[in-house]
Amino acid sequence: MDETGFVMCGALVHSTDAEPLEIMQHKCIGVKEGKIVFIENEDALSEKIKEFGIPQTDITYLKKGQFLCPGFVDTHLHAPQYPNCGKGLDMGLLDWLQTYTFPTEAKFSDLKYADMVYRKAVRRVLRNGTTTGCYFATLHTDATLLLCDVINEYGQRAYVGKVNMNIGSPDFYIESSVEESLSETKRYIEEVKKRNYPHITPIVTPRFALSCCQELMSKLGDLAKAYDLPIQTHICETRDEVRIVGETFPGCESYAAVYDKAGLLTDKMVLAHGIYLSDNEIALIKARNSAISHCPNSNFSIRSGVLDLRRLEEARIKVGLGTDISGGYHPSMLNAIRTAVFVSNIHHIEAEHANYKALSVHEAFRLATLGGAKALGLDNRIGNFAVGKDFDALLIDPSADGSHVDVLPDDSFSDSVDKYLYNGDDRNILSIYVAGRKVIS
Ligand code: GUN
Ligand code: FE
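Conventions adopted
- Residues numbered from 1 in each chain as written.
- Chains lettered and ligands numbered in written order.
- Predicted model: local features only at pLDDT ≥ 70, side-chain atom pairs only at ≥ 80, totals over all residues.
- Heavy atoms only, no water.
- Near = heavy atom within 4 Å.
- Polar contact = N/O pair within 3.5 Å; in protein donor to acceptor, adjacent residues only side chain to side chain.
- 1 Å grid on protein atoms, 1.4 Å probe; cavity = no way out; pocket = protein on both sides within 12 Å on 5 of 7 lines; lining within 4 Å.
- Sits in = over half its atoms within 2 Å of the grid points.
- Axes fitted to C-alpha atoms, helices over the stretch in contact; angles between N-to-C directions.
- Helix = DSSP H or I, 4+ residues; strand = E, 2+ residues; numbered from the N terminus.
- Parallel < 35°, antiparallel > 145°, perpendicular 65-115°, else oblique.
- Left-handed = near helix turned anticlockwise from the far one by under 90°.
- Contact = heavy atoms within 4.5 Å.
- Nonpolar A, V, L, I, M, F, W, Y, C, P; charged D, E, K, R; others polar.
- Donors = N, O, S within 2.8 Å, 3.2 Å for Na, K, Ca; no water.
- Tetrahedral: all angles 85-135°; square planar, octahedral: opposite > 155°, others 65-115°.
- Buried < 20%, exposed > 50% of the residue type's maximum accessible area, 1.4 Å probe, protein only.
- Salt bridge = Lys/Arg side-chain N within 4 Å of Asp/Glu carboxyl O.
- Lys, Arg positive; Asp, Glu negative; His and termini not counted.
- Phe/Tyr/Trp six-rings, centres within 6.5 Å; stacked < 30°, edge-to-face > 60°.
- Pairing = 2+ DSSP bridges.
- Bend = angle between axes of the 7 residues up to and from the residue.
- Arc of directions from axis to C-beta.
- Points joined across faces, edges and corners; volume = space filled by probe spheres on them.

Participant: Would you explain the site of ligand 1 in this entry?
Facilitator: In the vicinity of ligand 1, the residues found are His 78, Gln 81, Leu 93, Trp 96, Leu 97, Arg 207, Phe 208, His 234, Glu 237, His 273 and Asp 324. In the model, a nitrogen atom of ligand 1 is placed 3.5 Å from a nitrogen or oxygen of the His 234 side chain. Separating a nitrogen atom of ligand 1 from a side-chain N or O atom of Glu 237 is a distance of 2.6 Å. In this structure the site holding ligand 1 corresponds to the largest cavity.

As structure tokens, this is what we get:
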């Protein structure tokens, strides 16, 4: 199926810059060597398979009601926090980190434990339709390499970061020096490069300003530049955190300025949360062309705050959605989509002006696919269906056996898509493709 390519015929549902949700019925989409080679009306099928040398036996016809959509892009999640999904959500961020998160992450010095958890975590995330994940791992280089192996084995696309922390952390979970943190990060990057994974990129990962000193952050900024790598961290997630960052870095005008001073605010930076960014910080992030990962489940679950997405959109900042496992308890991007709509509805309800426009579920779907791809700088490869992009896709059946969606006779095709977005889950995802390869099913 791989060398000669394949064709799928039926409905395509995806996002473009112009349309948050576009439905294209009666299409055929051709895939060769993992890439989309044509998207045509069904009546051009015989001509196209001849042109691309695709055998008749490699044509799949979707059943009535089924559709293909792009795989989800989770722009922020912590694989080692997977054991805590749905646990320990009774504290705010900084206590939560010390009480639940750091002790859990410390366990990943044990490679056997890491292997067991990472297999479960990656499988669960991929099974829920996340074809691209932007992962935090832990401080441990070897366990982070093991996470890369697991992701590669399951066939997911990913950015994977070895976390850096040299201040503000407990003795049992901290790096002993700037030098150790840097040399281990270099070892990690070099080893990932050597392993030549087809779809995994290392990402430089200073945890946040309260766990890295200014020198470490600056050196990580240099490292990201030298290797031309993406960077990820957290910013302005809670009021307490913002206040303490101000006290810790009195020479910097803002939280974003701390990262900027270190050379970390680049066009390859993904900043998780950003709820409490000031107007100046938003302008700085825009000027540097960094992206924000909006993680609504996490922001509700550990009661961080209510992000105003429209503010970021008005500033034309790149925004993707994230589950933030396990600040967020749910591994599915469908949950992130629904929760993002709810967050926006809160702003609508509370708005002083009746014209506050809440996020539609279609816009949230776009954030979870094309928006995430843009946030990660991968929109030339993934995010929607276009000739030349990789085929990262989900085969969806809104009426799948055992699913929670009932498509009724009065429902239009578009209604069935919306019902899936609101009530669907992994039971509706019949197949998952990354770069044209069927991964788990
Ligand atoms: N800020 C620093 N570390 C973390 C983390 O692990 N999760 C979340 N949600 N915020 C953080
Ligand atoms: Fe996080």
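Participant: What is the right way to look at the packing of helix H12 (residues 333-350) against helix H13 (residues 361-375) in this model?
Facilitator: Packed helix pairs are specified by the crossing angle of their axes together with the interaxial distance, meaning the distance between the axes. At their nearest, the axes of H12 and H13 sit 9 Å apart, and the two run at 135 degrees to each other. Here H12 is positioned oblique relative to H13, judged by the angle of their axes. Classified by chirality, the crossing of H13 by H12 is right-handed. The segment H12 lies against H13, with Met 333, Ile 337 and Val 341 engaging Val 361, Ala 364, Phe 365 and Ala 368. Considered class by class, the residues forming the contact of H12 with H13 number 7 nonpolar, no polar and no charged.

Participant: How do you make sense of the coordination of the iron ion (ligand 2) when you look at a structure like this?
Facilitator: Six octahedral donors around a metal ideally sit at 90 or 180 degrees from one another, while four tetrahedral donors ideally sit at 109.5 degrees. For the iron ion (ligand 2), the full set of protein donor atoms is His 76 (NE2), His 78 (NE2), His 234 (NE2) and Asp 324 (OD), at a range of 2.0 to 2.3 Å. One way to put it: the 4 donor atoms around the iron ion (ligand 2) meet at angles of 90 to 172 degrees, and that makes the site irregular. Along the chain, the residues donating to the iron ion (ligand 2) fall in the pattern H-x1-H-x155-H-x89-D. Highlighted residues: His 234 in strand S12 (residues 231-235) and Asp 324 in the loop between strand S15 (318-321) and H12, separated in sequence by 90 residues. Like Asp 324, His 234 is buried.

Participant: Just to check I follow, could you spell out the pattern of salt bridges for this structure?
Facilitator: Scanning the model with the defined rule gives 26 salt bridges in all. Across the pair Arg 310 and Glu 313 runs a salt bridge whose closest N-O atoms are separated by 2.6 Å. A residue pair is termed a helical-turn pair when its members lie 3 or 4 positions apart in one helix, as Arg 310 and Glu 313 do in helix H11 (residues 309-314) at 3 residues. According to the relative accessible area criterion, Arg 310 is buried, its value standing at 11%. For Arg 427, the salt bridge identified is with Asp 425, shortest N-O distance 2.6 Å. Taken together, the shared-partner salt bridges in this structure form one network comprising Lys 35, Arg 157, Arg 381, Asp 390 and Asp 392.

Participant: I tried to follow the side chain of Glu 237 on my own but got confused; where do I start?
Facilitator: Take Glu 237: it is sitting in the loop between S12 and helix H7 (239-248). Arg 207 provides the closest opposite charge to the buried, unpaired Glu 237, separated from it by 8.4 Å. Excluding residues that lie within four positions of it along the chain, Glu 237 makes contacts with Leu 93, His 273, Ile 275, Tyr 276, Ser 298, Ile 302, Ser 304 and Asp 324.

Participant: Which parts of the structure should I look at to understand the packing of aromatic side chains?
Facilitator: What describes a pair of aromatic rings is the distance from one ring centre to the other and the angle between the planes of the rings. Under the defined criterion, the tally for this structure stands at 12 aromatic pairs. Aromatic pair Phe 108 and Tyr 118: ring centres 4.9 Å apart, planes at 35 degrees, arrangement tilted. Placement of Phe 108 in the loop between helix H2 (93-106) and helix H3 (111-127) and of Tyr 118 in helix H3 is noted, with a sequence separation of 10 residues between them. Summarising the burial analysis for this pair, Phe 108 and Tyr 118 share the class buried. Connected via pairs of aromatic rings, a cluster forms that spans Phe 6, Phe 385, Phe 391 and Tyr 433.

Participant: Can you walk me through the sheet that holds strand S6 (residues 72-78) in this structure?
Facilitator: Pairing between sheet strands relies on hydrogen bonds along the backbone, with the strands arranged either parallel or antiparallel. What the 4 strands build is an open sheet, ordered S6-S7-S8-S10; its pairing is parallel. In the strand order of this sheet, the two ends are held by S6 and strand S10 (200-202), each with one partner. Averaged over all pairs of adjacent strands, the angle between their axes in this sheet comes to 15 degrees, without regard to strand direction. Alignment of strand S7 (residues 130-136) against strand S8 (residues 157-161), held across 5 bridges, turns out to be parallel. Of the residues in S8, the one forming a bridge with Thr 132 is Arg 157.

Participant: Is there a simple way to explain the sheet that holds S15 in this structure?
Facilitator: In space, the 4 strands of this open sheet follow the order S12-S13-S14-S15, with parallel pairing throughout. A single partner strand is all that each edge strand has here, and the edge strands are S12 and S15. Averaged over all pairs of adjacent strands, the angle between strand axes in this sheet comes to 30 degrees, irrespective of strand direction. Note that strand S13 (residues 269-273) and strand S14 (residues 291-294) share 3 bridges and pair parallel. Bridging across to S14, Leu 271 finds its partner in Ile 292. Contacting S14 and S15, H12 crosses the sheet at an angle of about 120 degrees to S15.

Participant: Help me understand H2 in this model?
Facilitator: Because the α-helix completes a turn every 3.6 residues, residues three or four places apart line up on one side. In the structure, H2 departs most strongly from a straight axis at Tyr 100, where the bend amounts to approximately 35 degrees and where the proline Pro 103 lies between one and four residues downstream. Taken together, the buried positions of H2 are Leu 93, Trp 96, Leu 97, Thr 101, Phe 102, Thr 104, Glu 105 and Ala 106. At its buried positions, H2 is contacted by S6 and H7.

Participant: What's the story with helix H14 (residues 413-423) in this structure? I'm lost.
Facilitator: Among the residues of H14, Phe 413, Ser 416, Val 417, Tyr 420 and Leu 421 are the ones counted as buried. Angularly, the buried residues of H14 cover 140 degrees about the axis, an arc narrow enough to put them on a single face.

Participant: Just to check I follow, could you spell out the layout of surface pockets for this structure?
Facilitator: Gaps between atoms show up when a probe of the same size as a water molecule is rolled over them. In this structure, the largest pocket occupies an estimated 480 Å³ of space. Glu 313, Ile 317, Val 319, Arg 366 and Lys 374 are, among the 15 residues lining the largest pocket, the residues nearest its centre. Looking at the lining of the largest pocket, the element that brings in the most residues is H13, giving 6 residues. The computed volume of the second largest pocket comes to approximately 220 Å³. In this structure, the second largest pocket is lined by 13 residues; those nearest its centre are Gln 25, His 26, Lys 63, Lys 64 and Gly 65. Looking at the lining of the second largest pocket, the elements with two or more residues in it are strand S1 (6-14) and strand S2 (22-32). Of all the elements, S1 adds the most residues to the lining of the second largest pocket, at 3 residues. Of the residues contributing to the lining of the second largest pocket, the split by class is 5 nonpolar, 5 polar and 3 charged.

Don't take any of this as a statement about function, it's just geometry.
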